[in-house]
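Chain and residue survey
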Amino acid sequence: MLETVRGPRQLIVGEGVAQNIPRVVAESGSRVLIVTDRVLLGQPAVAEIVAAVRGRVEVFSDATPDVPLTDVDLAVAAAAAVDADVILAVGGGTVIDLAKIVGVIRRHGGSPRDYYGESRVPGPTIPLIAVPTTSGTGSELTPVSVLTDPDRELKVGVSSVHIVPDFAIVDPELTYTCPAGVTAHSGIDAFCHAVESYTARPRPHGPRDPVEQVFLGRNPITDHYALRAAERIARSLRRAVLDGGDKDARADMSYGSMLAGIAFSHAGNAAPHALQYPIGAATHTPHGLGVGLLLPYALDAARHAIGDRLATLAGVCGLDVAGASEAEAADAFLTWLDRLLADIGIPATLADIGVARADLPRFAEMAGGVTRLIQNHPGPTDTAGLTAVLEAAWTGERTRPVLTLDSGPS
Ligand SMILES: NC(=O)c1ccc[n+]([C@@H]2O[C@H](COP(=O)([O-])OP(=O)(O)OC[C@H]3O[C@@H](n4cnc5c(N)ncnc54)[C@H](O)[C@@H]3O)[C@@H](O)[C@H]2O)c1
Ligand SMILES: [Fe+2]
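Just so it is clear, the model here is predicted, and its values are computed rather than measured. Within each chain, residue numbers correspond to sequence positions counted from 1 in written order. Labels are handed out in written order, letters beginning with A for the chains and numbers beginning with 1 for the ligands. In view of the model being predicted, local features appear only for residues whose pLDDT reaches at least 70, and side-chain atom pairs are presented and counted only at 80 or more, with totals across whole chains, interfaces and linings using the full set of residues.

**Quick look at the overall build of the protein**
- Working definition: helices are DSSP H or I runs of at least four residues, strands are E runs of at least two. Numbering for both runs from the N terminus. Of the regular secondary structure elements, the protein holds 16 helices and nine strands.
- Computed over the C-alpha atoms, the radius of gyration of the protein is 20 Å, within 12% of the 22 Å expected from 2.2 N^0.38 for a compact globule of 410 residues.
- The principal-axis extent of the C-alpha atoms belonging to the protein is close to 60 × 45 × 40 Å.
- Classification of the 410 residues of the protein by burial places 53% in the buried group.
- C-beta atoms are first placed from the backbone for all residues, and any pair lying within 7 Å is then listed as a contact. Long-range contacts, defined as pairs at least 24 residues apart, comprise 78% of the intrachain contacts of the protein with a sequence gap of at least 6. The globule rule used for comparison is 2.2 Å times the number of residues to the exponent 0.38, while the radius of gyration itself is calculated over C-alpha atoms. To assign burial, the other C-beta atoms lying within 10 Å of each residue's own C-beta are counted, with C-beta atoms placed from the backbone; 20 or more indicates buried, 12 or fewer indicates exposed, and intermediate counts indicate partly exposed.

Printed below as a string of structure tokens:
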């Protein structure tokens, strides 16, 4: 047996826990860089958090989606201006990912490019307190920061156990202001994290791997977190999108996205995430929209290997599959997923978001190069296999009856 669990030193979840932020920050340092964005800073709840932080404070509120390297330079300069010894990030995945790389550069110098890939951060960074306002990427507890480099066609990842935030303070009340689109995209991203972790190809690893590698493949612990995450998100994502004021649904989404983050922090994500890189770059569509759109097609392509897992997901997601065969339960899950995606406004095909069919083989080849993700895909991972996933996602072809708007379980 060989298991690994990593995470923040303290992970606090629940309504109202944001009030602990000033104390946690003060105990971690006295010269504070706060990272957030303009939209959030304009909201009373976030403005209140910023105003309550004690010590010397510099606020960087110019974070823009997907962490362009220019933002990193500006935020590093803001950190230097206050000689920051602690960072507080209040925002979505963009803001937290930006704060992570700023913490690395503040402690170890250099530029983001020095740290692309896995395990290239040489040691701990300055303390980071992460407060998510979306549900979500799970970035408040993951070992990943995803950046956009203008010299690269695809987004790049910095993955290291040293960038797991020191404190994660997850307060569902901070997500109440998320508009429906952000709720849908970030919420389905979290569902993908759960399902991609749960269906990841198992990978044998040795006793040195937990220190030398960041992602280790699925194991019984990641399975546990992934299933609990899927359960919460399945029962509440649709409700959170349709009624942003549904507090129970918001709480489930905060909790579920956090659990999904724990799962994929160790297991790793898979083909939908790898394939979204070129699709997102070409279409400028949000990360969550892309991974959500691709998920059913990637699962379809691996059905032979993961039928039992899809059947388990059917039960966990609340479908009545008592007495159903494994294949029937797997079908029920995939059909339910189609319906969920349609209900929360995720386009059904790559053609719908303007992808040119001629580009698919090139995109497949690019995604195939994202080894850390693609090695987890339980289906074929050669260019032909990945092109087949994209072709199906372009045409909308499924291995089961295609959903029409008035059919299928809700
Ligand atoms: N580090 C990781 O582990 C990880 C995992 C998955 C995705 N990501 C990355 O995270 C990014 C996506 O993050 P995201 O989905 O959280 O979205 P985001 O952080 O990009 O935010 C999207 C939009 O929502 C707004 N917003 C955020 N919270 C809000 C709130 N409470 N009220 C109103 N508006 C709000 C933001 O201002 C922004 O305009 C991508 O760059 C993706 O690659 C990182
Ligand atoms: Fe994601």
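**Side note on the UniProt feature "domain: Alcohol dehydrogenase iron-type/glycerol dehydrogenase GldA" (unreviewed entry) in the protein**
- UniProt tags residues 8-172 as "domain: Alcohol dehydrogenase iron-type/glycerol dehydrogenase GldA" (unreviewed entry).
- With 30% helix and 24% strand, the stretch residues 8-172 has end C-alpha atoms that lie 18 Å from each other. UniProt positions are given in the numbering used here, feature names are shortened, and annotations may be inferred rather than shown by experiment.

**Details of the domain arrangement of the protein**
- Note that domain bounds follow an automatic or database assignment of domains. Structurally, the protein comprises domain 1 (10-175) and domain 2 (180-395).
- Each of domain 1 and domain 2 has a C-alpha centre, and these two points are 25 Å apart.
- Here the side of domain 1 that touches domain 2 is built from residues that sort into seven nonpolar, 11 polar and four charged. All amino acids are sorted into three groups, where Ala, Val, Leu, Ile, Met, Phe, Trp, Tyr, Cys and Pro are nonpolar, Asp, Glu, Lys and Arg are charged, and the leftover types, Gly among them, are polar.

**What about the site of ligand 1?**
- By nearness alone, 32 residues border ligand 1, and Gly92, Gly93, Thr94, Ser139 and Thr142 come closest of all.
- Mapped by element, the contributors of at least two residues to the shell around ligand 1 are α2 (38-41), α5 (93-108), β7 (144-147), α6 (180-198) and α11 (287-301).
- Along the lines of polarity and charge, the residues of the shell around ligand 1 split into 10 nonpolar, 18 polar and four charged.
- Formed jointly, the shell around ligand 1 draws a minimum of three residues from each of two domains, domain 1 (10-175) and domain 2 (180-395). Here is the check we use: build the C-beta atom from the backbone, and if it is within 6 Å of the molecule or strand, call the residue near.

**Considerations on α11**
- For α11, built from 15 residues, the straight-helix expectation of 21 Å at 1.5 Å per residue is met to within 8% by its first-to-last C-alpha distance of 21 Å.
- What the bend at a residue measures is the angle between two axes, fitted to the seven residues ending there and to the seven starting there. At Leu295, α11 shows its largest kink, close to 35°, and the proline Pro296 lies no more than four residues downstream.
- The buried fraction of α11 amounts to 15 of the 15 residues, a majority that puts the element mostly inside the structure. To estimate the expected span of a helix, count its residues, drop one, and scale the result by 1.5 Å.

**Quick look at the pairing of strand β8 (residues 156-159)**
- Where burial is concerned, the two faces of β8 agree: the one with Val156 and Val158 and the one with Gly157 and Ser159 are both buried.
- At least two bridges found by DSSP between two strands is the condition for calling them paired. In this sheet, β8 lies alongside β7 in antiparallel orientation, the contact comprising four bridges. When the sheet's bridge partners are listed, Ser145 is paired in β8 with Val158.

**Digging into the nonpolar core**
- Counting 133 residues, the largest nonpolar core has Val35, Ala89, Val102, Ala194, Ala230 and Phe333 as its most contacted members.
- When we break this core down by domain, the ones giving at least three residues each are domain 1 (10-175) and domain 2 (180-395).
- The residues contacting Ala194, other than those within four sequence positions of it, are Ala226, Ala229, Ala230, Ile233, Ala260 and Ala263. Only buried residues count toward a nonpolar core: Ala, Val, Leu, Ile, Met, Phe, Trp, Tyr and Cys, linked into one set through C-beta atoms within 7 Å.

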